[in-house]
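Observations on chain architecture
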Amino acid sequence: MLKPNIITPYCGVRYHLKEYSRKGPQNAKELFNLRHSSLINVIERTFGVLKKRFPIIVSGTKPHYDVDTMTKIVLGCCILYNFLRGIDNDESLIEEVDHELLQEDVQPTPTHAREHDYRVGCHIRDTIANEMWEDYVNN
């Protein structure tokens, strides 16, 4: 799946957040995987909460709307959710989604795309990882 527009974690390098509880990242690849894992958790949590609060986002095997309409629906739900958090911050939804995500705990399994796309993706990921590491070490 590693491509220029889909950046996956480094394979064979610590990935899950719980693996960093005793010892922080030791190199650029570990730091990248730590931040990738953190970002994935935030995205999964956000969509989990949105699905619970707005069931229209949850679809079966066939989408009921075209992609443009679904994009507008998700954007509208995000706007409404942010507005509602200011009025009624329902933490129980967030706790429920966190519990469900802990039950899943699935690590992505990388596959190889076309060789050129894979090499470009590797270069982009390595550049991001090295810049993160330089910033991490210097700050």
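To start, this report covers the structure provided alongside it. (Residues numbered from 1 in each chain as written. Predicted model: local features only at pLDDT ≥ 70, side-chain atom pairs only at ≥ 80, totals over all residues. Heavy atoms only, no water.)

Once that is clear, we can look at the overall build of the protein. In terms of regular secondary structure, the protein is built from four helices and zero strands. Listing each helix as α and each strand as β along the protein from the N terminus yields α-α-α-α. Buried positions account for 27% of the 139 residues belonging to the protein. In the protein, the proportion of contacts linking residues at least 24 apart, taken out of those at least 6 apart, comes to 64%. Surface accessibility of the protein: about 9900 Å² in total, with carbon and sulfur atoms responsible for 56%. (Helix = DSSP H or I, 4+ residues; strand = E, 2+ residues; numbered from the N terminus. Buried < 20%, exposed > 50% of the residue type's maximum accessible area, 1.4 Å probe, protein only. Contact = heavy atoms within 4.5 Å. Areas by Shrake-Rupley, 256 points an atom, 1.4 Å probe, with all protein chains shown as cover.)

In the structure shown here, the tally under the stated rule is two salt bridges. Between Glu30 and Arg14 there is a salt bridge; the shortest N-O distance is 2.7 Å. With Glu30 in helix 1 (residues 28–53) and Arg14 in the segment before helix 1, this residue pair connects regions lying 16 residues apart in the sequence. A salt bridge links Arg119 to Glu115, with the nearest nitrogen and oxygen atoms 3.7 Å apart. (Salt bridge = Lys/Arg side-chain N within 4 Å of Asp/Glu carboxyl O.)

Turning to the environment of Val13, a few remarks are in order. Mapped onto the elements of the fold, Val13 is located in the segment before helix 1. Distance in space between the C-alpha atoms of Val13 and Leu34 is 9.8 Å, their sequence separation being 21 residues. In this view, Val13 contacts Lys29, Glu30 and Asn33; residues no more than four positions away in its chain are not counted.

Moving on, we get to the nonpolar core. Counting residues in hydrophobic clusters, the biggest one holds nine residues: Val49, Leu50, Phe54, Ile57, Met70, Ile73, Val74, Cys77 and Tyr81. Breaking this core down by element, the ones donating at least two residues are helix 1 and helix 2 (67–87). If you look at the next biggest cluster of nonpolar residues, it comprises six residues, including Tyr10, Ala28, Phe32 and Met132. (Core = buried A, V, L, I, M, F, W, Y, C linked by side-chain atoms within 4.5 Å.)

Quick look at the state of the cysteines now. Applying the stated rule across the entire model yields zero disulfides. Cys77 takes part in no disulfide bond, and the closest cysteine sulfur, belonging to Cys78, lies 7.2 Å away. By relative accessible area, Cys78 is classed as partly exposed at 27%. (Disulfide = S-S within 2.5 Å.)

Moving on, we come to helix 4 (residues 115–138). With 24 residues, helix 4 extends 34 Å from end C-alpha to end C-alpha; this agrees with the ideal 34 Å at 1.5 Å per step. Those residues of helix 4 that are buried are in contact with helix 1. (Expected span 1.5 Å × (residues − 1).)

Glancing now at the environment of Tyr65. Residue placement: Tyr65 occurs in the loop between helix 1 and helix 2. Filtering out sequence-adjacent residues up to four positions away, Tyr65 remains in contact with Ile56, Met70 and Ile73.

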